[in-house]
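Here are the chains, one letter per residue:
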Amino acid sequence: MLRLKFKEKIGTVLSSNSFFSLYDFIISESKSSVKIEYGIDPRYCFSFVIPSSQSSIKDMYGTNKNIYIYRAEISPWETAIKENTEFESQDLLLNGISRWLTFLKEDLNSTPTLRRIERIEEKFLEFSKKADSFNGEYFTVEESENLKAKFEELSKKMEDAINTLSIQSEEKTERINTLQEEIESLKCKLDILDKRGVIRSFVGQLMQWSSKSENQTLIEGAGAIAKELIEQNSPLS
């Protein structure tokens, strides 16, 4: 069982992140382990084993030293939704709990965006499946020119969105240049591929845009524009 002083320190760490309240968490312990569970969603937790004895390890100078090692299972952690790691002191363990709170906050804030991405991708996949009905058909010159204008409209709105991002001007320029190259590629395909190929290529490009984390602020705008472009443009209906 944990000492009361150590429990108090854990409570202080849990209270130190302004996004959470101490009462958001359920702390349970057994004889040999402690589990800190996010009460609102129990999938998120920080569990660690209470060491019963010291372990001997070598420090950076090759000297043996005896320390208490806290073995932990954490969700979420640095890379994966669940990871195992070790902390070589109480202070490092407490720091680990603090970092866990940061990762947990990041994941909770990302959840609405990920749901929006999933909805957008589901819609894009529907459009892609509909493309099969156009097998062997090509756009007329008039239809092709209309779509090129739509692609330019999409490009302009996405460029405007990029210009609102809080990033260096050089990075803005690089993103806009990449976007323009992607739009030009789509326009060229209008003169080469049949309707099915154009739609599938376009949907693939939209999914690529929506899947990039750095484009999260653009997802709703670009997704809405793309949805309108596909649904209102008769060749893609």
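Structural data are supplied above this passage.
This section reports on the structure supplied with the text. Remember, predicted model here, so these are calculated numbers, not experimental data.

A word on the environment of R196
Relative to the elements of secondary structure, R196 occurs in helix α5 (residues 195–211). For the pair formed by R196 and K129, sequence separation is 67 residues and the distance between their alpha carbons is 9.3 Å.

Here we look at the pattern of salt bridges
Applying the stated criterion across every chain yields a total of 13 salt bridges. Of the charged contacts, one joins E152 and K187 as a salt bridge, the two residues approaching to 2.6 Å between their closest N and O atoms. Of this pair, E152 sits in helix α3 (residues 141–163) while K187 sits in helix α4 (residues 169–190), and the two are 35 residues apart along the sequence. The class of K187 is buried, set by a relative accessible area of 14%. Notably, a salt bridge pairs E184 with K187, separated by 3.0 Å at the nearest N-O pair. Residue E184 and its partner K187 are both found in helix α4; the two are separated by 3 residues, about one turn of the helix. The class for E184 is partly exposed, based on a relative accessible area of 38%.

With respect to the nonpolar core
Residues I10, F25, I36, F46, F48, I97 and W100 are the most contacted members of the largest nonpolar core, which totals 26 residues. Elements supplying a minimum of two residues to this core: α1 (4–16), β2 (33–38), β3 (45–49), β6 (70–75) and α2 (90–130). The element contributing the most residues to this core is α2, with 7 residues. Other than its neighbours up to four places away in sequence, I10 contacts L2, I27, I36, F48, L94 and I97. Judged by nonpolar contacts, the second largest core, of 15 residues, contains M158, I176, F202 and L206.

Regarding the packing of α3 against α4
One can describe the packing of α3 onto α4 by two numbers: an axis separation of 10 Å at closest approach and a directional angle of 170°. Between α3 and α4, the angle falls in the class roughly antiparallel. Listed contacts from α4 to S144, L147, K148, F151, E152, S155, M158, E159, I162 and N163 of α3 are K172, R175, I176, L179, Q180, I183, E184, L186, K187 and L190. When its residues are assigned to classes, the contact of α3 with α4 shows 9 nonpolar, 4 polar and 7 charged.

Definitions and limits used
- Residues numbered from 1 in each chain as written.
- Predicted model: local features only at pLDDT ≥ 70, side-chain atom pairs only at ≥ 80, totals over all residues.
- Heavy atoms only, no water.
- Helix = DSSP H or I, 4+ residues; strand = E, 2+ residues; numbered from the N terminus.
- Salt bridge = Lys/Arg side-chain N within 4 Å of Asp/Glu carboxyl O.
- Buried < 20%, exposed > 50% of the residue type's maximum accessible area, 1.4 Å probe, protein only.
- Core = buried A, V, L, I, M, F, W, Y, C linked by side-chain atoms within 4.5 Å.
- Contact = heavy atoms within 4.5 Å.
- Axes fitted to C-alpha atoms, helices over the stretch in contact; angles between N-to-C directions.
- Parallel < 35°, antiparallel > 145°, perpendicular 65-115°, else oblique.
- Nonpolar A, V, L, I, M, F, W, Y, C, P; charged D, E, K, R; others polar.

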